[in-house]
Amino acid sequence: QVQLVESGGGLVQAGGSLRLSCAASGIAFSINAMGWYRQAPGKQRELVATITSGGSTNYAESVKGRFTISRDNAKITVYLQMNSLKPEDTAVYYCNAVIIAVNRYEYDAWGQGTQVTVSS
């Protein structure tokens with residue numbers, strides 16, 4: 001199976017920046033869209049940003065203009081550059097990938113999450 005490992009989370013003051021990374025490894029027929037989600041305590045997981053294998057991006061309205069998603073297809077790694085961070089960005093951030101398995105079954109892979117805490 002494909003495994004996703006996030007890194008780069010931490011504590012930052014409001015207005016600061018962080019860069020999250022998510023590296024994929026394992027066996028798959030293909031890895032298509034990748035993205036970032038986040039989940040604050042007691043709340044549902046929400047989409048932050050997605051990126052296709054061709055580089056097309058999509059962002060939640062709340063992060064547009066502040067966050068940038070990118071990917072390195074050679075390394076099968078997706079990044080999330082977060083600027084102008086706000087306290088409401090505090091959450092556990094999860095990497096996601098749409099996987100096409102060798103048997104052509106499609107499923108979602110998730111990382112273990114990385115904590116982002118923004119102080120006011």
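Just so you know, these numbers come straight off a predicted model, no measurement behind them. (Residues numbered from 1 in each chain as written. Predicted model: local features only at pLDDT ≥ 70, side-chain atom pairs only at ≥ 80, totals over all residues. Heavy atoms only, no water.)

So, the pairing of strand 7 (residues 67-72)
Part 1 of the reasoning: Only one face of strand 7 is buried: it carries Phe67, Ile69 and Arg71, and the other face, with Thr68, Ser70 and Asp72, is open.
Part 2 of the reasoning: Note: strand 7 against strand 8 (residues 77-82), six bridges, orientation antiparallel. Of the residues in strand 8, the one forming a bridge with Asp72 is Thr77.
Part 3 of the reasoning: Between strand 7 and strand 8, which pair antiparallel in sequence order, lie four residues; one of them, Ile76, sits at a positive phi of approximately 50 degrees. (Buried < 20%, exposed > 50% of the residue type's maximum accessible area, 1.4 Å probe, protein only. Helix = DSSP H or I, 4+ residues; strand = E, 2+ residues; numbered from the N terminus. Pairing = 2+ DSSP bridges.)

Comments concerning the nonpolar core
Part 1 of the reasoning: If you look at the biggest cluster of nonpolar residues, it comprises 29 residues, and the most contacted ones within it are Leu4, Trp36, Leu80, Met82 and Tyr93.
Part 2 of the reasoning: Mapped by element, the contributors of at least two residues to this core are strand 3 (18-25), strand 4 (30-39), strand 5 (46-51), strand 7, strand 8, strand 9 (91-100) and strand 11 (114-119).
Part 3 of the reasoning: Examining the composition of this core, we find that five residues originate from one element, strand 9, more than from any other. (Core = buried A, V, L, I, M, F, W, Y, C linked by side-chain atoms within 4.5 Å.)

Some details on the packing of aromatic side chains
Part 1 of the reasoning: Across all of its chains, the model carries two aromatic pairs by this definition.
Part 2 of the reasoning: Residues Tyr37 and Trp110 carry aromatic rings whose centres are separated by 5.0 Å and whose planes lie at 65 degrees to one another, so their mutual orientation is edge-to-face. Here Tyr37, found in strand 4, pairs with Trp110, found in strand 10 (residues 106-110); they are 73 residues apart in sequence, far enough to count as distant.
Part 3 of the reasoning: Aromatic side chains Tyr105 and Tyr107 sit 6.4 Å apart centroid to centroid with 15 degrees between the ring planes, which places their arrangement in the stacked category.
Part 4 of the reasoning: You can call Tyr107 partly exposed: its relative accessible area is 21%.
Part 5 of the reasoning: The ring of Tyr79 has Arg19 sitting right over it, with the charged end atom 4.1 Å from the ring centre.
Part 6 of the reasoning: Looking at Arg45, its charged tip hangs above the ring of Tyr94, at a distance of 4.0 Å from the centre. (Phe/Tyr/Trp six-rings, centres within 6.5 Å; stacked < 30°, edge-to-face > 60°. Lys NZ or Arg CZ within 6 Å of the ring centre and 35° of its normal.)

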